[in-house]
Structure formats: structure tokens, C-alpha cells
Amino acid sequence: MTEPDKTGTPERRSLLFLPRPALAGIGAATAAAHIGNNFTTFLIGGLIDRYGFTPVQMGVWSMTETLSYAVAMFIAAPRAAALSPRILMGAAGLLVVTAQFLSATTGLFTVLLPGRIVTGFGYGLANVALNLAAGRTSHPARTLSAGIALQTALYTLVNLTLPLIGVRFGVAGMFVALAILSACLCAAAPCLPDGPASTAPDAARIRHPRRISPAGWRMLAAMALFTFGSLAIWPFMERTAHAIGLSAFYYGCCQSIATLGCAVGNIVLATRAGHDRGSGPVLSSLVICAVSCAALTTVSSGIAFALALVIFNVSWFFAYPLMLGTAFAVEPDGRLAVLCSGVWLLMMSLGSVTTGLIAWTMGGYGAVGPAGMVVCLAAAFILRPLVRKLASVPPTT
């Protein structure tokens with residue numbers, strides 16, 4: 001539906017429901033926060049090829065980054081309403097750029113590992129900035145969808161160029177390229193929405209945060225299952241493609257097509273009215289994501305892998321902003337949304353080391369996808385009562 005303005009004329013829902021600078025800031029923050037999640041898989045492949053690291057080592061390496069990411073989110077969550085998205089974004093850029101440049105200078109695992117702690121914390125601060133900035137707009141889930149649309153459009157190009165940089169300059173070149181990308185994106189920090197939170201904090205509430213409600217715990221449990229099930233294979237996606245004879249460049253092309261599909265999907269999602277409270281769309285996207293997750297590690301042809309990857313990406317980036325929109329509906333001040341993002345990173349970190357152990361013990365990644373499907377379906381089952389309840393409540397004006 002559309003909402004009438006004061007003259008009685010329906011307000012058109014478009015991607016430009018935010019001022020252009022704010023929209024650019026949201027897109028930059030979204031891209032800056034998710035560089036590690038999207039491109040660590042190329043770094044892992046490059047490090048394995050260049051230095052001979054094992055899947056277990058790379059699972060620990062990836063887990064370290066995502067755990068640090070989660071720690072940043074959990075530290076920020078109780079203070080979410082009092083924090084400035086712009087300051088957080090600037091601090092994130094300094095941390096990530098420094099660590100990525102330093103990582104490009106070494107091949108020692110014991111030196112690379114602390115670098116992941118720093119980059120992870122920086123990505124976490126960027127994600128907090130994103131969630132808080134989105135929460136300070138009138139339509140948080142639509143804002144997040146718009147940011148993802150802009151992010152995925154950019155990532156379409158990065159997925160094509162990063163493997164070529166790796167071929168020409170090695171894994172060190174990829175580290176440097178990602179550092180430069182982070183610097184450019186975090187320079188957009190002044191464009192982020194930075195007004196007061198809808199629920200102003202006070203000192204007592206910061207010192208003694210309120211308890212999480214049963215609905216909040218259900219939301220966190222669903223996010224934990226969804227992200228653990230769907231993202232356990234993610235850091236090793238390039239290796240999964242490699243296992244069926246696909247090159248890193250072919251994988252990059254597939255990922256570019258997938259991210260372009262995400263951009264189109266999230267433009268549609270961002271321009272839809274009233275989807276912050278959705279019920280059917282979020283559950284459907286969870287189920288589709290679950291099935292595609294199983295396909296990713298069980299198909300044996302390049303075309304089938306590309307199709308599964310596209311469906312996986314598009315459905316995942318439908319489900320995630322819709323789930324965060326549900327979290328904002330439960331707690332409008334943004335605390336639960338920040339906690340959900342922290343849980344996502346925690347579960348992804350556990351999933352990456354679990355996948356590394358499975359690959360080491362079983363000699364491949366085949367079992368990871370079907371197991372992830374079962375866990376994703378459990379997330380949809382747990383979330384179903386909550387989204388149905390929220391959808392049944394008349395919207396406030």
C-alpha cells in the first residue's frame with residue numbers, strides 16, 4: 001500500500017525515500033561492513049595456494065575475524081541508542097585499512113591471525129554504524145534493503161576484479177585492494193543518518209540494560225540457526241567451486257551474477273511498502289535459502305553450481321534484512337537488531353571452523369550443505385510464530 005501525504009495524495013514508494021547523500025552513506029556502510037564476509041573466501045583460497053595452509057587453519061583464521069566482529073557488536077548493543085554511526089564508521093575504517101595493509105606484508109599464520117582480530121572488530125563497528133543509521137530512519141528494513149542493493153551492485157565489479165588482482169599480484173595484492181576499498185567506503189561516514197535515536201537513552205538504562213523479551217530470544221534463536229546453517233560453507237565457497245574443477249575467476253563470475261541478482265532483488269524489496277513487518281516473504285526466503293545451501297555442496301557441474309549460488313545469494317539477502325526488520329519491530333531502539341547481527345557473526349565463526357574440521361576429517365565439503373539446510377529450516381520453524389504475530393498487529397501511525 002501507499003501512504004497519503006497531508007494533501008491526500010498517495011506517497012510514492014521509491015528507492016529514493018532517503019536523501020541521496022544519506023542513501024549513499026547507507027550503501028557505503030553496508031559495503032564496508034560486509035567486505036570480510038564476502039571476500040574472505042578469495043583470501044582463503046589465495047593463502048592456501050600461496051602458503052599451503054590447511055582447511056583447519058583457514059577455518060580458525062576466518063573464525064577469529066568473525067568472532068572479533070561479533071564481539072564488537074555485543075559490546076555496542078547495550079549502548080546502541082547513545083552511539084554515533086558516523087564516528088563508528090570512521091573508527092572502523094582506520095582499523096580495517098591498517099590491518100589489511102599489514103596483512104599484505106606477511107605469510108606467517110601467527111602474524112596474520114591478530115590481523116583478523118583487528119579487521120573483524122572494524123567490520124563489527126561498521127555494521128553497528130549501519131544498523132544504528134538504518135534504525136534512525138522511518139523504514140529500517142527498507143533502508144537496509146536499499147543499502148544491500150547498492151552494496152551488491154558494487155560487489156558485482158569487485159567479484160570480477162579481485163580474482164584478477166590475485167592472479168596478477170597474488171594474495172598480497174588482494175589484501176591491498178580490499179584495504180583501499182575499505183578506505184574509500186568509510187570516507188562516506190559523514191553521509192550517514194546521525195540523528196537522535198527514536199528511544200533516547202539515559203544513564204541508568206545504559207548501566208542496567210533491560211532484559212531481552214521472549215520475542216527477542218525467539219528472534220535471536222532464529223537468527224543463530226539461520227546464519228549457522230547458511231553460512232558455515234561461506235568462507236570455503238571458492239574451495240567448494242575448486243573441488244568440482246571451477247577456477248577462481250569462474251567462481252568470481254558466478255558470484256558477480258549472484259550479487260547482481262541481489263541488487264535487483266533488494267531494489268524490489270526496498271521499494272515495497274510495508275514490508276518491515278512481513279511474514280510470508282521472510283519464511284519463504286528462509287526455505288529457499290535452505291534448499292540452495294544443500295545444492296551448493298552436492299552439485300557437480302559449473303552451471304548447476306552457478307544457479308545454486310545465485311538462488312542462495314538472492315534468498316539470503318532477502319531473508320537477512322527482513323529478519324532485521326522483524327527485530328526492529330520487536331525493539332525499535334535498535335538493540336535487538338545489533339544483537340542479531342552479533343549472533344550472525346558468532347554463528348558464522350563457529351560454522352567456519354566446523355566446516356574446516358569436516359573438510360579435514362571427511363576430505364571434502366559435501367556434507368556441509370545438507371546439514372545447513374536442516375538448520376535453516378529449523379530457523380524458519382522457530383521464527384514463524386513471531387512473524388505471524390507481528391503481521392496480525394495493526395500498524396501504528
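Scroll up to find the structure this text is about.
Report on the accompanying structure. (Residues numbered from 1 in each chain as written. Predicted model: local features only at pLDDT ≥ 70, side-chain atom pairs only at ≥ 80, totals over all residues. Heavy atoms only, no water.)

## Structural notes on the layout of surface pockets
Phase 1 of the analysis: Its boundaries defined by the atoms lining it, the second largest pocket holds a volume of some 220 Å³.
Phase 2 of the analysis: Looking at the second largest pocket, it is lined by 14 residues, and the ones nearest its centre are G45, G46, D49, G166 and M174.
Phase 3 of the analysis: Elements supplying a minimum of two residues to the lining of the second largest pocket: helix 2 (35-51), helix 6 (140-186) and helix 9 (237-243).
Phase 4 of the analysis: The greatest single-element share of the lining of the second largest pocket, amounting to six residues, is contributed by helix 6. (1 Å grid on protein atoms, 1.4 Å probe; cavity = no way out; pocket = protein on both sides within 12 Å on 5 of 7 lines; lining within 4 Å. Points joined across faces, edges and corners; volume = space filled by probe spheres on them. Helix = DSSP H or I, 4+ residues; strand = E, 2+ residues; numbered from the N terminus.)

## Topic: the packing of aromatic side chains
Phase 1 of the analysis: As enumerated under the stated definition, the model contains 16 aromatic pairs in all.
Phase 2 of the analysis: A cation over a ring is seen here: R168 above F169, with NZ or CZ 4.9 Å from the ring centre. (Phe/Tyr/Trp six-rings, centres within 6.5 Å; stacked < 30°, edge-to-face > 60°. Lys NZ or Arg CZ within 6 Å of the ring centre and 35° of its normal.)

## Section: the pattern of salt bridges
Phase 1 of the analysis: Scanning all chains against the criterion turns up four salt bridges.
Phase 2 of the analysis: One salt bridge connects D49 with R239, and the closest N-O pair in it is separated by 3.5 Å. One end of the pair, D49, is in helix 2; the other, R239, is in helix 9, and 190 residues separate them in sequence.
Phase 3 of the analysis: Judged by relative accessible area, which is 56%, D49 ranks as exposed.
Phase 4 of the analysis: A salt bridge links R239 to E238, with the nearest nitrogen and oxygen atoms 2.9 Å apart.
Phase 5 of the analysis: Overall, the relative accessible area of 10% leaves R239 in the buried class.
Phase 6 of the analysis: Overall, the relative accessible area of 4% leaves E238 in the buried class.
Phase 7 of the analysis: Among the ionic contacts, a cluster of salt bridges with common partners joins D49, E238 and R239. (Salt bridge = Lys/Arg side-chain N within 4 Å of Asp/Glu carboxyl O. Buried < 20%, exposed > 50% of the residue type's maximum accessible area, 1.4 Å probe, protein only.)

## A short note on a nonpolar patch on the surface
Phase 1 of the analysis: A contiguous nonpolar patch, built from L160, L164 and F249 and spanning about 260 Å² of accessible area, is present on the exposed surface.
Phase 2 of the analysis: Along the chain, the position of F249 falls in helix 10 (residues 248-271).
Phase 3 of the analysis: Since its relative accessible area comes to 42%, F249 is described here as partly exposed. (Patch = residues over 30% accessible without salt bridge, like charges linked within 9 Å, V, L, I, M, F, W, Y side chains within 5 Å. Areas by Shrake-Rupley, 256 points an atom, 1.4 Å probe, with all protein chains shown as cover.)

## Some points on helix 1 (residues 20-33)
Phase 1 of the analysis: The first and last C-alpha atoms of helix 1 sit 20 Å apart over 14 residues, in line with the 20 Å expected at 1.5 Å per residue.
Phase 2 of the analysis: Summarising burial for helix 1: 11 of the 14 residues are buried, a large majority.
Phase 3 of the analysis: The set of residues buried in helix 1 consists of A22, L23, G25, I26, G27, A28, A29, T30, A31, A32 and A33.
Phase 4 of the analysis: As for helix 1, its buried residues are in contact with helix 2, helix 3 (55-76), helix 4 (85-103), helix 5 (109-135) and helix 6. (Expected span 1.5 Å × (residues − 1). Contact = heavy atoms within 4.5 Å.)

## Section: empty space enclosed by the protein
Phase 1 of the analysis: If you walk through the whole model with that rule in mind, you get four cavities of 30 Å³ or more.
Phase 2 of the analysis: If you trace the largest cavity, you find it lined by H34, N37, N38, L231, W234, F312, N313, W316, F317, Y320, W344 and M348.
Phase 3 of the analysis: Going through the elements one at a time, helix 2, helix 12 (302-330) and helix 13 (335-362) are the ones with two or more residues in the lining of the largest cavity.
Phase 4 of the analysis: Among the elements that line the lining of the largest cavity, the one with the most residues is helix 12, at five residues.
Phase 5 of the analysis: A breakdown of the residues in the lining of the largest cavity according to their chemical character gives eight nonpolar, four polar and no charged. (Nonpolar A, V, L, I, M, F, W, Y, C, P; charged D, E, K, R; others polar.)

## Focus on the packing of helix 5 against helix 6
Phase 1 of the analysis: Taken N-terminus to C-terminus, the directions of helix 5 and helix 6 make an angle of 160 degrees; their axes are 12 Å apart at the nearest point. In this view, helix 5 runs roughly antiparallel relative to helix 6, as classed from their interaxial angle. When you trace helix 5 past helix 6, the crossing you get is right-handed. Residues L112, R116, L130, N131, A134 and G135 of helix 5 touch helix 6, and the partners they reach there are P140, T143, L144 and F175. (Axes fitted to C-alpha atoms, helices over the stretch in contact; angles between N-to-C directions. Parallel < 35°, antiparallel > 145°, perpendicular 65-115°, else oblique. Left-handed = near helix turned anticlockwise from the far one by under 90°.)

## Things to note about the side chain of T227
Phase 1 of the analysis: Along the chain, T227 falls in helix 8 (residues 214-231).
Phase 2 of the analysis: Judged by relative accessible area, T227 falls into the buried class, the value being 0%.
Phase 3 of the analysis: A polar atom in the side chain of T227 sits 3.3 Å from the backbone oxygen of A224.
Phase 4 of the analysis: Excluding residues that lie within four positions of it along the chain, T227 makes contacts with A232, W316, V343, W344 and M347. (Polar contact = N/O pair within 3.5 Å; in protein donor to acceptor, adjacent residues only side chain to side chain.)

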